[in-house]
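Listed here are the chains, written in short residue letters.
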Amino acid sequence: RAKSDGRSCFRFFDCGMDDQVVEAFRMKADLRTALQEGQLKLHYQPLANLTTGDIIGFEALLRWTHPELGQISPVTFIPLAEETGLIVPIGEWVIREACREAARWPNGLKIAVNLSPVQFTTGNIVEVVASALAWSGLEASRLDIEITEGVLVKDADGALRILNAFKALGVHISMDDFGTGYSSLSYFRQFPFDKVKIDQTFIRDMETNPQSRAIIRAIIGLAKGLDVEILAEGVETEMQIDMLKRKGCELIQGYAISRPAPIEQFDDIVGGRVDIDLDQRAA
Ligand code: C2E
Ligand code: MG
Ligand code: MG
Ligand code: MG
């Protein structure tokens, strides 16, 4: 009996299941030990101020090197970590690791960390953040928590309680990927954001698509009126930089400044020895 069950199970995998489903199944299992085995690492991507030419901080972005499958994108494994609940311990490690790293940086550089909606509904995220700050010695005002609309849609009251608790700690809150989901204007009245990050899909085609340009202009106008900081994500070209500058967008992030990389590659930036060269980009 047991033997034939095993065989039918195998047949199920061989013929019935899509390769991607099998791979996702395997990744979920392997993700369980990835943290303990040291396969997870943070990369960092600079955030730049176009007006002053300063790098103001970095966003921490999770990377997984699987022993056999190699680099797996967070776009693939974060949803698996969310489904299995592993995002809770993994996310806690990310916060502690990012705070520990940023606490060493001079010059008040900021650190931005992404939180999953699952971390808002499972465990005690406020305690996790408070204890990471205390443990690392990082000033709360140097930590930026990035959330997506998913957090607000599911349980607005619960989310508001948590965001207010973050504000009470002195942590800053950024609305990530803005413009892609519901993007309700009432979010800004309801929730205490310090910064809005315009989703990269609008930046990507802003040179050719007037609709994207109009949306970017509207988001910038809204943010200015509400005294919320504005950052454009996924900035790749000089032309995009010039257009954003003209529209009054001060902060940018993207390959035009730098790709995400291990922090060791940013020694000069962290040490305050380089700024971005705006004259060279002004053309
Ligand atoms: P995100 O938070 O919106 O992060 C920005 C993503 O855009 C990153 O992708 C970054 O590498 C990419 N990017 C930055 N500049 C450019 C550019 O100029 N061009 C293009 N094409 N892409 C650019 P990445 O690192 O693959 O991360 C994808 C998403 O995975 C993140 O989007 C975030 O939602 C999620 N993620 C990453 N790390 C974590 C984490 O520690 N926790 C959670 N919950 N989610 C994470
Ligand atoms: Mg982000
Ligand atoms: Mg984003
Ligand atoms: Mg994104």
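Calculation notes
- Per chain, residues are indexed from 1 in the order of the written sequence.
- Chains carry letters and ligands carry numbers; both start at the beginning, A for chains and 1 for ligands, and go up in the order they are written.
- In keeping with the model being predicted, local features are shown solely for residues with a pLDDT of at least 70 and side-chain atom pairs are shown and tallied solely at 80 or more, while totals for entire chains, interfaces and linings include all residues.
- For the side-chain quantities, the full set of heavy atoms in the structure was used; hydrogens and water were omitted.
- One heavy atom within 4 Å of a molecule or strand makes the whole residue count as near it.
- Counting of polar contacts relies on pairs of N or O atoms within 3.5 Å, with two restrictions inside protein: one atom must be capable of donating a hydrogen and the other of accepting it, and residues adjacent in sequence are counted only when both atoms are side-chain atoms.
- Each accessible area is a Shrake-Rupley estimate made with a 1.4 Å probe; only the visible protein chains count as cover when residues are assessed.
- Runs of E in the DSSP output that reach at least two residues are strands. Runs of H or I that reach at least four are helices, and both are numbered from the N terminus.
- Throughout, the ten residues Ala, Val, Leu, Ile, Met, Phe, Trp, Tyr, Cys and Pro are labelled nonpolar, Asp, Glu, Lys and Arg are labelled charged, and all others, Gly among them, are labelled polar.
- Axes here refer to lines fitted to C-alpha atoms; in helices the fit is confined to the stretch in contact. Angles between the N-to-C directions go from 0 to 180 degrees.
- Oblique is the label for every angle not falling under 35 degrees (roughly parallel), over 145 degrees (roughly antiparallel), or within 65 to 115 degrees (roughly perpendicular).
- For any pair of crossing helices, the crossing counts as left-handed if the nearer helix is rotated counterclockwise from the farther one by less than a right angle, and right-handed if it is rotated clockwise.
- Residues count as neighbours in contact if any of their non-hydrogen atoms are within 4.5 Å of one another.
- Buried means the residue's accessible area, taken with a 1.4 Å probe over protein chains only, is under 20% of the maximum for its type, while exposed means over 50%, and partly exposed covers the values in between.
- We call two strands paired when DSSP finds no fewer than two bridges between them.
- In this listing, donors mean N, O and S atoms no farther than 2.8 Å from the metal, or 3.2 Å for Na, K and Ca; water is missing from the atoms, so a site can look incomplete.
- Every residue is assigned a pLDDT by the predictor, reflecting its confidence on a scale from 0 to 100.
- Think of it like this: strands point away, you trace from the first strand over the helix to the second, and a clockwise trace means the crossover is right-handed.
- By salt bridge we mean one thing: a side-chain nitrogen of Lys or Arg within 4 Å of a carboxyl oxygen of Asp or Glu.

*Asks:* Could you give an account of the site of ligand 1, naming the residues involved and the relevant values?
*Replies:* Neighbouring ligand 1 are 23 residues, the closest being R63, N114, Q200, E236 and Y255. A distance of 3.0 Å separates an oxygen atom of ligand 1 from a polar atom in the side chain of E59. R63 places a side-chain nitrogen or oxygen 2.8 Å from an oxygen atom of ligand 1. Coverage of ligand 1 by the protein chains reaches 84% of its 800 Å² of free accessible surface. Secondary structure elements with two or more residues in the shell around ligand 1: β2 (55-66), α3 (74-84) and β6 (172-178). Here the shell around ligand 1 gets four residues from one element, more than from any other, and that element is β2. In terms of residue class, the shell around ligand 1 is built from 10 nonpolar, six polar and seven charged.

*Asks:* Please give an account of the packing of helix α6 (residues 125-136) against helix α8 (residues 156-169) that cites residues and values.
*Replies:* Look at α6 against α8: their axes get within 10 Å of each other, and the N-to-C directions meet at 15°. With respect to each other, α6 and α8 are oriented roughly parallel. Crossing geometry of α6 relative to α8 is assigned as right-handed. Every residue of α8 that contacts α6 at I125, V126, V129 and A130 is listed here: I162, A165, F166 and L169. Partitioned by chemical class, the residues of the contact of α6 with α8 number eight nonpolar, no polar and no charged.

*Asks:* Please set out the pairing of β2 residue by residue, giving values where relevant.
*Replies:* Of all 12 residues in β2, 10 are buried, a share of seventy percent or more. With nine bridges joining them, strand β1 (residues 40-49) and β2 adopt antiparallel strand pairing. Of the residues in β2, the one forming a bridge with L47 is G57. The loop that links β1 with its antiparallel partner β2 comprises five residues; one of these, G53, has a positive phi angle of about 80°. For β2 and strand β4 (residues 110-114), the ladder comprises four bridges, and the chain directions are parallel. Looking across to β4, one finds that A60 is bridged to V113.

*Asks:* Explain the coordination of the magnesium ion (ligand 3) residue by residue, including any values.
*Replies:* Each pair of donors in an ideal octahedron of six around a metal sits at 90 or 180 degrees, and each pair in an ideal tetrahedron of four sits at 109.5 degrees. Every protein donor of the magnesium ion (ligand 3) is listed here as D176 (OD), D177 (OD), E233 (OE) and E233 (OE), and their distances to the metal cover 2.1 to 2.3 Å. In this structure, the magnesium ion (ligand 3) lies 4.0 Å away from the magnesium ion (ligand 2), the two metals sharing D176 as a donor.

*Asks:* An account of the confidence of the model for the protein is needed here, citing residue identities and associated values.
*Replies:* With 92% of its residues at a pLDDT of 70 or more, the protein shows a mean pLDDT of 91. Below pLDDT 50 for its whole length, residues 1-9 participates in zero contacts with residues either more than four positions away or in separate chains. Across the predicted assembly, pTM comes out at 0.92 and ipTM at 0.98.

*Asks:* Any chance you could break down the pairing of strand β8 (residues 229-232) for me, citing the residues and the numbers?
*Replies:* The sheet contact formed by strand β7 (residues 195-198) and β8 spans four bridges and is parallel. Bridge pairing in β8 places I198 opposite A232. Handedness of the β-α-β unit built from β8, helix α12 (residues 238-247) and strand β9 (residues 251-252) comes out right-handed.

*Asks:* Describe the pattern of salt bridges, naming the residues involved and giving the relevant values.
*Replies:* Summed over the entire model, instances satisfying the criterion amount to 13 salt bridges. The partner of D144 in a salt bridge is K195, with the nearest N and O atoms 2.9 Å apart. In this pair, D144 sits in strand β5 (residues 143-147) while K195 sits in strand β7, placing the two residues 51 residues apart along the sequence. For D144, a relative accessible area of 2% gives the class buried. Among the salt bridges present, the one from E229 reaches K195, with a minimum N-O distance of 3.8 Å. Note that E229 is positioned in strand β8 and K195 in strand β7, a separation of 34 residues in sequence. The exposure class of K195 is buried, given its relative accessible area of 3%. A cluster of three or more residues bridged by salt bridges with shared partners is formed by E59, E146, K197 and E233.

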